[in-house]
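# Architecture and fold: a report
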Amino acid sequence: MSYYHYGTIQTNSAGHLAIGGVDTLALAEKYGTPLYVYDVALIRERIRGFKKVFEDRKLKYHISYASKAFSVKAMYRLLKEEGIGADVVSGGEIYTAQQAGFPMAQTSFNGNNKSRAELEMAVEAGVGHIILDNFHEIELLEAILTEKQVKMPVLLRVTPGISAHTHEYDMTGQIDSKFGFDIKSGQADQAVAQVIASENLIYEGIHAHVGSQIFETVGFEKAADALVNLAANWAQTFDLTTKILNVGGGFGVRYTAEDEPLAPQTYVENIVDEIMKQVQAKALPEPEIWIEPGRSIVAEAGTTLYTIGSRKDIPDVRHYLDVDGGMGDNIRPALYQSEYDAVVCNRPDDAPVETVTIAGKYCESGDMLIHDQPLAATQPGDILATFVTGAYGYAMANNYNRNPRPAVVFVENGQSQLVVRRETYQNLTQLDI
Ligand SMILES: *Cc1c(COP(=O)(O)O)cnc(C)c1O
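In the annotation of an unreviewed UniProt entry, the entry for the protein chain reads Diaminopimelate decarboxylase, and the organism field reads Agrilactobacillus yilanensis. UniProt, in its Function (unreviewed entry) section for the protein chain, records the words "Specifically catalyzes the decarboxylation of meso-diaminopimelate (meso-DAP) to L-lysine." Under the UniProt heading Pathway (unreviewed entry), the note attached to the protein chain is "Amino-acid biosynthesis; L-lysine biosynthesis via DAP pathway; L-lysine from DL-2,6-diaminopimelate: step 1/1."

### Some remarks on the pairing of strand β13 (residues 288–291)
Of the pairings in the sheet, the one linking strand β5 (residues 61–66) to β13 comprises three bridges and is parallel in character. Pairing of I63 across the sheet is with I291, part of β13. As paired strands, strand β12 (residues 244–246) and β13 are joined by three bridges and run parallel to one another. When the sheet's bridge partners are listed, N246 is paired in β13 with W290. For the crossover that starts at β12, traverses helix α9 (residues 264–281) and ends in the parallel β13, the hand is right-handed.

### Overview of helix α3 (residues 73–82)
If you check which residues of α3 are buried, you get A74, M75, Y76, L78, L79 and E82. Two residues or fewer past α3, G83 is found with a positive phi of approximately 75 degrees.

### Re the UniProt feature "binding site: pyridoxal 5'-phosphate" (unreviewed entry) in the protein chain
The UniProt record annotates "binding site: pyridoxal 5'-phosphate" (unreviewed entry) at G250, E292, P293, G294, R295 and Y392. Within the annotated group, the residues that form the lining of the largest pocket are G250, E292, G294, R295 and Y392. Residue placement: E292 occurs in the loop between β13 and α10 (295–298). Apart from residues lying up to four places away in sequence, E292 is in contact with S64, A66, D87, S108, N110, I131, H207, N246, G248 and G249. A distance of 3.1 Å separates a polar atom in the side chain of E292 from a polar atom in the side chain of N110. Considering the arrangement of structural elements, one finds R295 in helix α10.

### Points about the environment of V89
Residue position: V89 is located in the loop between β6 (85–88) and α4 (91–99). V89 gets classed as partly exposed once you look at its relative accessible area, which sits at 33%. Put simply, V89 and F109 are 20 residues apart on the chain and 5.6 Å apart in space, counted from C-alpha to C-alpha. For V89, the contacting residues outside a window of four places in its chain are K68, F109 and N110.

### Quick look at the sheet that holds strand β1 (residues 10–11)
Overall, antiparallel pairing links the three strands, which are arranged β1-β2-β3 in an open sheet. Two strands lie at the open edges of the sheet, namely β1 and β3 (22–23), each paired on one side alone. Two strands pair when backbone bridges link them, and β1 and strand β2 (residues 17–19) are joined in this way by two bridges, in the antiparallel orientation. Note on β2: the bridge partner recorded for Q10 is A18.

### Thoughts on the site of the ligand
If you check the shell around the ligand, you find 14 residues, and the closest are K68, S212, E292, R295 and Y392. Here an oxygen atom of the ligand and a side-chain polar atom of K68 are 2.7 Å apart. S212 places a polar side-chain atom, nitrogen or oxygen, 2.6 Å from an oxygen atom of the ligand. Protein contacts shield 94% of the accessible area of the ligand, which totals 390 Å² for the unbound molecule. A majority-of-atoms criterion places the ligand in the largest pocket.

### Details of the packing of aromatic side chains
In total, this model carries 15 aromatic pairs according to the counting rule given. Between Y38 and F70 the ring centres are 4.1 Å apart and the planes differ by 15 degrees, which places this aromatic pair in the stacked class. One end of the pair, Y38, is in strand β4 (residues 35–39); the other, F70, is in the loop between β5 and α3, with 32 residues separating them in the sequence. An identical accessibility class is assigned to Y38 and F70; each is buried.

### Looking at the nonpolar core
Core analysis: the largest hydrophobic core is formed by 128 residues, its most contacted members being F70, M75, L141, I275 and V298. Here the element with the most residues in this core is helix α8 (residues 218–238); it accounts for nine residues.

### Comments concerning the pattern of salt bridges
Applying the stated criterion to the full structure yields 21 salt bridges. For the salt bridge of D56 with K52, the shortest nitrogen-to-oxygen distance reads 2.8 Å. Of this pair, D56 and K52 both sit in helix α2 (residues 40–57), four residues apart, which is roughly one turn of the helix. Linking E204 and K243 is a salt bridge whose minimum nitrogen-to-oxygen distance equals 3.3 Å.

### Observations concerning the domain arrangement of the protein chain
Examined at the domain level, the protein chain breaks down into domain 1 (3–32 + 301–429) and domain 2 (40–298). Here the C-alpha centroids of domain 1 and domain 2 sit 33 Å apart. Taken together, the 25 residues of domain 1 in the interface contact 24 residues of domain 2. Here domain 1 meets domain 2 over a buried area of about 2,300 Å², counting both sides, of which 61% is carbon and sulfur. Ranking the residues of domain 1 by area buried against domain 2 places A301, Y392 and F410 at the top, with a combined share of 27%. Ionic pairing is found between R44 and E412, a salt bridge with its closest N-O pair at 2.9 Å. For the pair domain 1 and domain 2, the interface holds six residue pairs in polar contact (both at pLDDT 80 or more).

### Quick word on the side chain of H62
Counting through the fold element by element, H62 comes out in strand β5. Apart from residues lying up to four places away in sequence, H62 is in contact with G85, Q106, E288, I289, W290 and I291.

Criteria and thresholds
- Residues numbered from 1 in each chain as written.
- Predicted model: local features only at pLDDT ≥ 70, side-chain atom pairs only at ≥ 80, totals over all residues.
- Heavy atoms only, no water.
- UniProt positions renumbered as here; feature names shortened; annotations may be inferred.
- Pairing = 2+ DSSP bridges.
- Helix = DSSP H or I, 4+ residues; strand = E, 2+ residues; numbered from the N terminus.
- Right-handed = clockwise from strand over helix to strand, strands pointing away.
- Buried < 20%, exposed > 50% of the residue type's maximum accessible area, 1.4 Å probe, protein only.
- 1 Å grid on protein atoms, 1.4 Å probe; cavity = no way out; pocket = protein on both sides within 12 Å on 5 of 7 lines; lining within 4 Å.
- Contact = heavy atoms within 4.5 Å.
- Polar contact = N/O pair within 3.5 Å; in protein donor to acceptor, adjacent residues only side chain to side chain.
- Near = heavy atom within 4 Å.
- Areas by Shrake-Rupley, 256 points an atom, 1.4 Å probe, with all protein chains shown as cover.
- Sits in = over half its atoms within 2 Å of the grid points.
- Phe/Tyr/Trp six-rings, centres within 6.5 Å; stacked < 30°, edge-to-face > 60°.
- Core = buried A, V, L, I, M, F, W, Y, C linked by side-chain atoms within 4.5 Å.
- Salt bridge = Lys/Arg side-chain N within 4 Å of Asp/Glu carboxyl O.
- Domains from an automatic or database assignment.
- Buried area = accessible area lost by both parts, 1.4 Å probe.

And the structure:
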């Protein structure tokens with residue numbers, strides 16, 4: 001096999017690329033392209049892998065899938081089946097989880113500018129925890145809770161002053177961040193004092209998320225240390241018990257052969273070991289450890305199928321190969337210079353014969369999916385697969401150029417299931433007046 005593969009992706013007996021035991025050419029034929037295809041078995045494997053770390057060590061834990069990576073009803077149903085929680089960051093994600101029948105007590109609500117309407121919605125929906133981000137939000141939530149006469153368990157999001165090794169837009173743990181209370185200047189102490197003084201806000205713990213697509217464990221370990229230190233300080237200063245330590249997500253995945261992330265579980269093993277070591281050293285009670293993986297649960301499980309159309313060959317310069325999607329279904333290359341790998345679905349094992357740049361169909365010169373992809377010979381009408389598009393692909397999809405957003409299909413055990421319909425042209429104008 002010439003391509004790097006994950007989960008159930010393989011070449012079938014017909015010599016075609018198959019996922020979950022389903023031929024990708026049959027998927028393209030049945031559902032059209034562009035098409036997002038999710039390998040459900042791999043999502044389950046990732047979730048169970050994270051669970052195993054905690055179960056093996058017999059620890060108190062909670063896994064909160066960061067919904068923003070891929071938030072659709074079918075995903076919340078899958079999380080419910082696998083028995084893990086979900087982190088939401090908007091009214092829309094709360095609504096989607098509710099519509100899917102997700103147990104809302106298993107959700108937490110993050111975000112740096114939650115509106116009054118969103119906070120009210122969260123309280124009414126019975127969201128399990130609100131992760132407080134700033135002083136304005138403390139006041140807003142306090143007012144809502146007083147009005148509704150209810151109490152709400154909260155975590156405080158802090159910025160531990162860690163610069164994790166990743167793309168600048170993906171860094172969130174450094175002091176100069178829009179998220180959370182700064183520890184160093186004393187903001188976090190001031191925030192917790194306000195929470196303690198409140199009748200309705202029930203302090204349960206601390207949260208930090210240092211960034212995304214991180215390949216080393218050192219940043220996480222430092223953040224874990226900062227959280228334990230803070231819990232120890234607050235135990236002393238305020239006689240406060242910190243029940244929950246939430247270390248966020250951001251565990252890196254392999255987009256191309258050049259990426260060398262650790263196994264998803266390895267990050268968590270290191271974090272957990274560090275927390276338990278520090279907690280014991282400081283004689284603190286054993287906390288519940290929370291993680292919020294998003295990308296590492298869904299990225300590798302997702303593959304996008306496109307139909308190849310026109311091409312442009314500029315002698316001695318470049319070969320552009322155009323597909324029927326692009327920045328509308330995968331904006332990450334344009335946004336982050338993210339890299340991907342691709343194969344031709346009807347001959348994934350054929351040796352490359354040329355190096356092409358895979359261009360999208362959108363009216364932007366920056367709408368390139370892959371630069372310099374070695375590829376087998378292709379003809380218009382062939383199906384191309386790009387790998388590892390399961391996180392922040394559909395989630396960031398848009399209607400630029402009035403292109404309908406693609407459909408989403410789950411595949412497992414030789415069966416495919418449509419979980420999000422392809423948008424129609426009628427959908428595109430339905431809000432226009
Ligand atoms: C984005 C985000 C995550 C998940 O990040 P991944 O890189 O997808 O794992 C977790 N927690 C918070 C607060 C986030 O903003």
